Amino acid sequence: MAVVPEDAAPAAASPSPAGATDPTAGSSDNEITVEETSYVRTEPQQDGSVPPVVTTDMEVLHDKVKKQVIKEGQGKVPSKFSTCFVHYRAWVQSSVHKFEDTWQEQHPVEIVIGKEKKQMTGLGIGVGNMRRGERALLHVGWELGYGKEGSFSFPNVPPTADLIYEVELIGFDDAKETEMRGKARSDMTVEERIEAADRRKLEGNDYFKEKKFDEAMQQYEMAVAYMGDDFMFQLFGKYRDMALAVKNPCHLNTAACLIKHKRFDEAIAQCSIVLSEDETNVKALFRRGKAKAELGQTEAAREDFLKAKKHSPEDKEILRELRLLAEQDKAMYQKQKELYKGLFGPRPQPKPKTTNPLLVFWRWLVSLISYLAKMFTRKND
């Protein structure tokens, strides 16, 4: 089974929504086939418990907002009323208390430039001066953060607290390029959100064709951001099918990108999201099995491949992966056999008995005396 970014959703356990492709089928004209097989969180390398150490120059964006670039982005900066999708971690500067982490929550945040919440004004200024894919450290004064009062609910921020943000701009919808000018997700209709997500998915597929896997993952993540858990929870019937027809392929395509980047744990998580909606999805089972096999989780991988085989018994790639696992098992058995043989050594051979000439003579003499004694006894009788 080739790794195929999808333009339509996998078949659901219920009847397939219009436009969905059969996951057990081979590559269609709308699928992107690649020769090799791997939501993406472009998570920073640090563990995120404290702000990263950044040595780049400090850029003053506002009297109360300063920026240090961690990773350069590309393209232009978002214009006013653009809908931006960001990941960030936030700390209180004085205590280094981390009060928010969207990477950990696995959900990017949407910010409409010029319409952000009051406590995110400084963050909005920083994001408005970033480029797509850029990661930066923002230093925000308390006046453009949570103010004199702070926040004693969630998030917990003390009064007059200066803030530090580690931010990544995943991407944005430019207000000048869409009819939904400055329209937040919460203000969109169901059809508008699904349409916006589908547009992002198609852009991700274009990047995948060009083997720009990081850019593709950014588009897929923005597509998924339009269909968060709160949104999906409200959908039923045809609207849920329409949303899944966009959402599930984004997770599967992201998993394909992650396998390419050898980020196997994250690929497994993406496939598991799809399987929570459709436990018989062959592509999700196959890709999760591939990722598990790469991590050495042989039995778990075999279980996924066998489930996939049950629903697609003639699939050559699934059969090939099962054969590879069997060959690995055989090779491992032989390796262990040789290891134990070398560890304990060959079985010792029994030593031949040595003969003592004096002992042999003594036995012969005793036997002779015994014989003569018997003969003497018979003669007297």
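Residues numbered from 1 in each chain as written. Predicted model: local features only at pLDDT ≥ 70, side-chain atom pairs only at ≥ 80, totals over all residues. Heavy atoms only, no water.

**Side note on the overall build of the protein**
- Helix and strand content of the protein: 11 helices and seven strands.
- Every one of the 381 residues in the protein was classed for burial, and the buried ones make up 46%.
- Total accessible area on the protein is roughly 21200 Å²; 53% of this is exposed by carbon and sulfur atoms. (Helix = DSSP H or I, 4+ residues; strand = E, 2+ residues; numbered from the N terminus. Buried < 20%, exposed > 50% of the residue type's maximum accessible area, 1.4 Å probe, protein only. Areas by Shrake-Rupley, 256 points an atom, 1.4 Å probe, with all protein chains shown as cover.)

**Some details on the nonpolar core**
- Judged by nonpolar contacts, the single largest core of 47 residues is most densely connected at Phe-208, Tyr-226, Met-227, Met-232 and Cys-257.
- Looking at this core element by element, the count peaks at 10 residues for helix H6 (residues 237-260).
- Counting 27 residues, the second largest nonpolar core, distinct from the first, contains Tyr-88, Phe-99, Met-120 and Ala-161. (Core = buried A, V, L, I, M, F, W, Y, C linked by side-chain atoms within 4.5 Å.)

**Things to note about the pairing of strand S5 (residues 109-112)**
- The alternating pattern of S5 places Val-109 and Ile-111 on one face and Glu-110 and Val-112 on the opposite face, and all of these are buried.
- Examined bridge by bridge, strand S3 (residues 83-92) and S5 share four bridges and lie antiparallel to one another. From the neighbouring strand, Cys-84 faces S5, where its bridge partner is Ile-111. (Pairing = 2+ DSSP bridges.)

**Observations regarding helix H3 (residues 190-209)**
- Given a rise of 1.5 Å per residue, 20 residues ought to cover 28 Å, and the 29 Å separating the end C-alpha atoms of H3 matches this to within 8%.
- Those residues of H3 that sit buried are Glu-192, Arg-193, Ile-194, Ala-196, Ala-197, Arg-200, Lys-201, Gly-204, Asn-205 and Phe-208.
- Those residues of H3 that are buried lie in contact with strand S7 (163-173), helix H4 (213-225), helix H5 (229-233) and H6.
- Downstream of H3 by one or two residues, Lys-211 has phi in the positive range, about 60°. (Expected span 1.5 Å × (residues − 1). Contact = heavy atoms within 4.5 Å.)

**Regarding unusual backbone geometry**
- In this chain, Phe-154 is followed by Pro-155 through a cis amide linkage whose omega measures 0°.
- We note that Phe-81 has phi near 75°; this positive angle belongs to a residue other than glycine.
- If you trace the backbone, Phe-81 turns up in the loop between strand S2 (65-71) and S3.
- Phi angles above zero are rare outside glycine, and Lys-262 is one such case at about 60°.
- Relative to the elements of secondary structure, Lys-262 occurs in the loop between H6 and helix H7 (264-277).

**Notes on the packing of H7 against helix H8 (residues 282-294)**
- The geometry of H7 relative to H8 is characterised by a closest axis approach of 9 Å and an angle of 155° between their N-to-C directions. Classed by the angle they form, the pair H7 and H8 counts as roughly antiparallel. Note that H7 runs across H8; the crossing there is left-handed. On the side of H7, the interface is formed by Phe-264, Ala-267, Ile-268, Cys-271, Ser-272, Val-274 and Leu-275, while H8 contributes Ala-284, Leu-285, Arg-287, Arg-288, Ala-291, Lys-292 and Glu-294.
- Of the residues belonging to the contact of H7 with H8, the class tally is nine nonpolar, one polar and four charged. (Axes fitted to C-alpha atoms, helices over the stretch in contact; angles between N-to-C directions. Parallel < 35°, antiparallel > 145°, perpendicular 65-115°, else oblique. Left-handed = near helix turned anticlockwise from the far one by under 90°. Nonpolar A, V, L, I, M, F, W, Y, C, P; charged D, E, K, R; others polar.)

**Comments concerning the confidence of the model for the protein**
- With 80% of its residues at a pLDDT of 70 or more, the protein shows a mean pLDDT of 82.
- Note on residues 8-45: pLDDT is under 50 here. Beyond four places in sequence and across chains, it has 103 contacts. (pLDDT = per-residue confidence, 0-100.)

**Digging into the packing of aromatic side chains**
- Counted according to the given criterion, the structure contains five aromatic pairs.
- Relative to Tyr-146, the ring of Phe-99 lies with its centre 5.9 Å away and its plane at 90°, an arrangement referred to as edge-to-face. You can see Phe-99 sitting in strand S4 (residues 97-101) and its partner Tyr-146 sitting in the loop between strand S6 (135-140) and S7, a full 47 residues away along the chain.
- In this structure Tyr-146 comes out as buried when scored by relative accessible area, which is 13%.
- Aromatic pair Phe-208 and Phe-213: ring centres 5.0 Å apart, planes at 70°, arrangement edge-to-face.
- The cationic tip of Lys-115 hangs over the ring face of Phe-81; the distance from NZ or CZ to the ring centre is 5.4 Å.
- Arg-132 extends its terminal NZ or CZ atom over the ring of Phe-172, reaching a point 4.6 Å from the ring centre. (Phe/Tyr/Trp six-rings, centres within 6.5 Å; stacked < 30°, edge-to-face > 60°. Lys NZ or Arg CZ within 6 Å of the ring centre and 35° of its normal.)

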